[in-house]
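Single-letter residue listing:
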Amino acid sequence: DVQLMESGGGSVQAGGSLRLSCTASGFGFGDYGVGWFRQAPGKDREYIVCIDESGDRTYYTDAVKGRFIMSSDESNNKVYLPMNRLNPEDTAIYYCAADVLFIGNACYHRHIEFWGTGTPVPVSS
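One structure accompanies this document, and this report is about it.

Criteria and thresholds
Residues numbered from 1 in each chain as written. Predicted model: local features only at pLDDT ≥ 70, side-chain atom pairs only at ≥ 80, totals over all residues. Heavy atoms only, no water. Disulfide = S-S within 2.5 Å. Helix = DSSP H or I, 4+ residues; strand = E, 2+ residues; numbered from the N terminus. Buried < 20%, exposed > 50% of the residue type's maximum accessible area, 1.4 Å probe, protein only. Pairing = 2+ DSSP bridges. Axes fitted to C-alpha atoms, helices over the stretch in contact; angles between N-to-C directions. Contact = heavy atoms within 4.5 Å. Core = buried A, V, L, I, M, F, W, Y, C linked by side-chain atoms within 4.5 Å. Phe/Tyr/Trp six-rings, centres within 6.5 Å; stacked < 30°, edge-to-face > 60°. Lys NZ or Arg CZ within 6 Å of the ring centre and 35° of its normal.

**Concerning the state of the cysteines**
Put plainly, two cysteines are in a disulfide when a covalent bond ties their sulfur atoms together. In total, this model carries two disulfides according to the counting rule given. With a sulfur-sulfur separation of 2.0 Å, Cys-22 is cross-linked through a disulfide to Cys-96. On the sign convention where negative means left-handed, the S-S torsion of about 55° between Cys-22 and Cys-96 marks this disulfide as right-handed. Linking Cys-22 in strand β3 (residues 18-25) with Cys-96 in strand β9 (residues 92-103), this pair joins segments that are 74 residues apart in sequence. In this structure, Cys-22 and Cys-96 share a single accessibility class: buried. Each sulfur of the disulfide joining Cys-50 and Cys-107 lies 1.9 Å from the other. Its S-S torsion of approximately -75° makes the covalent link between Cys-50 and Cys-107 left-handed. With Cys-50 in strand β5 (residues 46-51) and Cys-107 in strand β10 (residues 106-115), this pair connects stretches of sequence that are 57 residues apart. In this pair, the class of Cys-50 matches that of Cys-107, namely buried.

Shown next as structure tokens:
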């Protein structure tokens, strides 16, 4: 019953913008901390941003600060990731996730690994 689905990915040129969306079913984002991760070709999956379940705090990785801004619409179980000033280093498959929290200096899953199936974002120079 629990499902996350990303959308909005696609090819974009360096300097361009894109907005990703994530829709949850089977549960509400307000029940968990949520976030976005990405996996570049040949690289490990890394966190981009997460927000705690109360929505009080948001944590961004340094690579996207000032360029990506996560927002949420809890009443409609949606999370968004507007991405600005994209560069080739941002090329990756982007995933939304639920039941995540910030520990130390990164976002991690807490108890259950809720993942979307990912949406690709290739950025050309």
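Let's pick the thread back up.
**So, the sheet that holds strand β8 (residues 78-83)**
Strand pairing in a sheet takes place through backbone hydrogen bonds and is either antiparallel or parallel in direction. With antiparallel pairing, the four strands of this open sheet are ordered in space as β1-β3-β8-β7. Looking along the sheet, the strands with just one partner apiece sit at the ends: β1 (3-7) and β7 (71-73). Sheet twist, expressed as the average angle between the axes of neighbouring strands with direction ignored, equals 20°. In the sheet, β1 pairs with β3 via five bridges, with the strands oriented antiparallel. Residue Ser-7 lies in a different strand from β3, and its bridge partner there is Ser-21.

**Some thoughts on the side chain of Asp-99**
Take Asp-99: it is sitting in strand β9. Classification of Asp-99 as buried rests on a relative accessible area of 2%. When residues no more than four places from it in sequence are discounted, the contact partners of Asp-99 are Tyr-32, Gly-33, Tyr-108, His-109, Arg-110, His-111, Ile-112 and Phe-114.

**What to know about the nonpolar core**
Across soluble globular proteins, you tend to see nonpolar side chains buried next to one another. Counting 28 residues, the largest nonpolar core has Trp-36, Met-70, Leu-81, Met-83 and Tyr-94 as the members making the most contacts within it. Listed by contribution, the elements that provide at least two residues to this core are β3, β4 (34-39), β5, β8 and β9. Contacts of Leu-81, omitting those with residues within four sequence positions, involve Leu-18, Arg-19, Leu-20, Trp-36, Ile-48, Val-49, Phe-68, Ile-69, Met-70 and Tyr-94. Ranked by size, the runner-up nonpolar core spans eight residues in total, among them Phe-37, Cys-50, Tyr-59 and Ala-97.

**Notes on the packing of aromatic side chains**
The full count for this structure, using the stated rule, is five aromatic pairs. For the ring pair Tyr-32 and Phe-114, a centre distance of 5.5 Å and an interplane angle of 65° mean the geometry is edge-to-face. In this pair, Tyr-32 sits in the loop between β3 and β4 while Phe-114 sits in strand β10, placing the two residues 82 residues apart along the sequence. Above the face of the Tyr-95 ring, Arg-45 is positioned so that its terminal group lies 4.3 Å from the ring centre. Arg-45 extends its terminal NZ or CZ atom over the ring of Trp-115, reaching a point 3.8 Å from the ring centre.

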